[in-house]
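Observations on chain architecture
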Amino acid sequence: MSEDLQAAVCESESGAAPEHEERRAPNEDRRAAIAAGVAAGVAAVAALFAPSVAGAQAKTKGPRAPTGPTPQTSSATVTPPSIDPTSAWVSPELRLARRLSMGLSDTEATRAKQMGYSAYLEYQLNADQIDDSAVETYIATNWPFTQQSATQLYTQDSGVVQQHLLYSSIYRSAFSARALKERMVEFWSDHFNIQWDKVTYMKLVDDRDVIRANAMTTFPKLLKASAHSPAMLVYLDQNTSRASSPNQNYAREIMELHTLGVDGGYTQTDVAELSRVLTGWTVSARGAGFVFDPNLHDFATKTILGVTIPAASTSTGVAAQQEGEQMIDYLLNHASTAKFIAKKMLRYFLRYDPTAQQITDVAASYTATGGDVKAMLRVVLSPANLAAAPAKFKRPFHLVASTLRALGPTVALGGFGSVLSLITSAGHLPFDWATPDGYPDTIEFWSGNMLPRWNAASYFANANSATTVQFIVTPWMTPATPANIVANINKYLFAGEMSSRLADELTAYVSVTPTSTTRVRETIALALSSSSFQYY
């Protein structure tokens, strides 16, 4: 069976014999054997797309250097895929829906086509007007820690609190109707990255009150909320900073990673001076909130990026917090910030290599609107930009969420651990990136770790447990003809835009025994493993 599976995928995507049969898992278990077969077969597909760097397996951990800007990774050339998954994507509305969501569902695809490009984009931009009460009620009922304050969470079991945050994040990404907002939550979570292990329950509060609350508002609101977030201040050691020994971590990252960018025009002297400005910015007991402590503040003269903050008397007291607020406003209005945010949004939604003109256009929107997120997204997601955008490779969390959205399985409370394990095995456990630059968004980093992705495809296609994950395949094979089965795969996984080449090969594979649920599930696993589904 596995050999048939290999042949089907290889012929469908590369026309070549499988090159990585040695990757088969040795397990005797039948599901493992199927997974291994899918993995071995699709390895040939990966060879067409994947650079050799197994970045997700070689994830860097550990603290950053205490001083000095961190150089950016050199801009490696991305090898374009030999088979362009976008060749079959003819509908502008579906291209938009793929980019602004964590994956197409039949409902979302239908909505996009019925509303038309502009109306659908506006619908998703106004996320708060979309009724998502069923999703929020489910989360509040089953993961109640997501509703609690930092003071309440402090007394709870940290592991359970983390579960509630992780499971609710997966649930929203897979089932929320606010598709664009969930994408923006992921984007800002990486931009303002905080690793769970260092701050634990405070990250849950940050996710709710900083990231989610402001994901679709303005960048100034996001930055200011983050700058006053106990989780961020603890993560970057701002709470340990003193006038006698300023800690430079937050001062450096707010310029390098949050606003100006590493090439944004600041120096190490600016980092040191800004760290003095921010002395006194700390957190209250148990991380309950932000507090400015004038006893920790440096009241002497400081100069940052040419801005001089004159010396003040210690009697200034808590009013000295305004020095930090002044510099945050200065960073928000800096031209480098507009360009940095613009480029990052373009890379996330559109392409790994945005053009200078695209960056200029989005940066202009930032400047004209005061960093309005929706205004910038209208420019990023313009019809012309999407029509010219090459396919992007799904990161593991995105891939799993898109699989759930496409298949629409029933996920019992006992199943979220399994879903999380699949994401974790692919190297993308949410809120687990140690350094403040957030998970990478490059094909080089993720494409070398394909086996967990194919295992996930096989897992979901074969999931049939009422207590964990259950995908009912019967409607996909009623009637059980090859044409109907492949038509349903085309409808639910590809919104009707599957390539004829892939359709032919899936038809050939399932035609052997179209009445077999096992064969049909394997065919669906093949489709999920294909390059057409791995990209968006």
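As shown above, the structure is provided for reference.
Residues numbered from 1 in each chain as written. Predicted model: local features only at pLDDT ≥ 70, side-chain atom pairs only at ≥ 80, totals over all residues. Heavy atoms only, no water.

1. Thoughts on the packing of aromatic side chains
Applying the stated rule across the entire model yields 27 aromatic pairs. When the centroid spacing of 6.0 Å and the interplanar angle of 45 degrees are considered together, the rings of Tyr439 and Trp446 count as tilted. A residue is classified by how much of its surface remains accessible, and Tyr439, at 6% relative accessible area, is buried. The exposure class of Trp446 is buried, given its relative accessible area of 2%. An aromatic cluster of at least three residues, connected via ring pairs, comprises Phe187, Trp188, Phe192, Phe219, Tyr348, Phe349 and Tyr366. Looking at Lys394, its charged tip hangs above the ring of Phe533, at a distance of 3.8 Å from the centre. If you follow Arg519 out to its NZ or CZ, it ends over the ring of Tyr509, 3.5 Å from the centre. (Phe/Tyr/Trp six-rings, centres within 6.5 Å; stacked < 30°, edge-to-face > 60°. Buried < 20%, exposed > 50% of the residue type's maximum accessible area, 1.4 Å probe, protein only. Lys NZ or Arg CZ within 6 Å of the ring centre and 35° of its normal.)

2. Observations regarding the nonpolar core
Of all hydrophobic cores here, the largest spans 155 residues; its most connected members are Met184, Trp188, Leu274, Leu377, Ile489, Leu493 and Ile524. With eight residues, the top contributor of residues to this core is helix α17 (residues 335–349). Here Met184 is in contact with Ala215, Met216, Met345, Phe349, Val373 and Leu377, once residues within four sequence places are set aside. (Core = buried A, V, L, I, M, F, W, Y, C linked by side-chain atoms within 4.5 Å. Helix = DSSP H or I, 4+ residues; strand = E, 2+ residues; numbered from the N terminus. Contact = heavy atoms within 4.5 Å.)

3. Quick look at the packing of helix α18 (residues 356–369) against helix α19 (residues 373–380)
Interhelical geometry of α18 versus α19 gives an angle of 160 degrees and a closest axis separation of 9 Å. By the angle between their directions, the pair α18 and α19 is classed as roughly antiparallel. Both α18 and α19 take part in a crossing whose hand is right-handed. Mapping the contact onto sequence places Asp361, Val362, Ser365, Tyr366 and Thr369 in α18 and Ala375, Met376, Val379 and Val380 in α19. (Axes fitted to C-alpha atoms, helices over the stretch in contact; angles between N-to-C directions. Parallel < 35°, antiparallel > 145°, perpendicular 65-115°, else oblique. Left-handed = near helix turned anticlockwise from the far one by under 90°.)

4. Describing the pattern of salt bridges
Proximity of charged atoms lets side chains of opposite charge pair with each other. The tally for this structure, following the rule as stated, stands at 19 salt bridges. The salt bridge partner of Glu497 is Arg98, with a shortest N-O separation of 3.0 Å. One end of the pair, Glu497, is in the loop between α25 (482–494) and α26 (500–510); the other, Arg98, is in helix α3 (residues 92–100), with 399 residues separating them in the sequence. Across the pair, exposure class does not vary: Glu497 and Arg98 are buried alike. Measuring nitrogen to oxygen at the nearest pair gives 2.9 Å for the salt bridge that ties Arg208 to Asp209. Given a relative accessible area of 39%, Asp209 falls into the partly exposed group. (Salt bridge = Lys/Arg side-chain N within 4 Å of Asp/Glu carboxyl O.)

5. Structural notes on the environment of Thr360
Take Thr360: it is sitting in helix α18. Spatially, the C-alpha atom of Thr360 lies 7.8 Å from that of Ala342, the residues being 18 residues apart in sequence. Of note is the side chain of Thr360, whose polar atom sits 2.9 Å from the backbone oxygen of Ala356. (Polar contact = N/O pair within 3.5 Å; in protein donor to acceptor, adjacent residues only side chain to side chain.)

6. So, helix α22 (residues 416–425)
Three or more residues of α22 are buried, namely Phe416, Val419, Leu420, Leu422 and Ile423. Across the axial projection of α22, the buried residues extend over an arc of 155 degrees, all falling on one side. In this structure, the buried residues of α22 make contact with α6 (133–142), α8 (158–175), α21 (396–407), β5 (410–411), α24 (451–462) and β6 (469–470). Directly after α22, the chain includes Gly427, whose backbone phi takes a positive value near 90 degrees. (Arc of directions from axis to C-beta.)

7. Some thoughts on empty space enclosed by the protein
Counted according to the given criterion, the structure contains seven cavities of 30 Å³ or more. Considering only enclosed or pocket space, the largest cavity measures out at about 250 Å³ in volume. Along its surface, the largest cavity is lined by 18 residues, and Glu186, Ser189, Phe397, Pro430 and Phe431 are the ones closest to its centre. If you list the elements that add at least two residues to the lining of the largest cavity, you get α8, α9 (179–191) and α11 (201–214). A per-element tally of the lining of the largest cavity places α9 first, with five residues. Of the residues assigned to the lining of the largest cavity, the class counts are six nonpolar, five polar and seven charged. In this structure, the second largest cavity spans a volume of roughly 120 Å³. Taken together, 14 residues line the second largest cavity, and the ones lying closest to its centre are Arg98, Leu104, Lys394, Leu493 and Phe533. (1 Å grid on protein atoms, 1.4 Å probe; cavity = no way out; pocket = protein on both sides within 12 Å on 5 of 7 lines; lining within 4 Å. Points joined across faces, edges and corners; volume = space filled by probe spheres on them. Nonpolar A, V, L, I, M, F, W, Y, C, P; charged D, E, K, R; others polar.)

8. Observations regarding the side chain of Thr86
Mapped onto the elements, Thr86 comes out in the loop between α2 (30–49) and α3. Non-local contacts of Thr86, meaning those with residues more than four positions away in its chain, are made with Arg95, Ala389, Pro390 and Ala391.

9. Details of unusual backbone geometry
In this structure, the amide linkage connecting Thr478 to the following residue, Pro479, adopts the cis form with an omega of 0 degrees. Checked against the element boundaries, Pro479 lands in the loop between β6 and α25. Despite not being glycine, Arg286 has its phi angle at roughly 60 degrees, a positive value. On the basis of relative accessibility, which here comes to 45%, the residue Arg286 falls in the partly exposed class.

10. Digging into helix α27 (residues 517–529)
An ideal rise of 1.5 Å per residue puts 18 Å on 13 residues; α27 measures up with 18 Å between its terminal C-alpha atoms. The element α27 is extensively covered by neighbouring structure, given that 11 of its 13 residues are classed as buried. (Expected span 1.5 Å × (residues − 1).)

11. Regarding the environment of Glu444
Of note, Glu444 is situated in helix α23 (residues 443–446). Through-space distance from the C-alpha of Glu444 to that of Phe393 is 9.7 Å; in sequence the pair is 51 residues apart.

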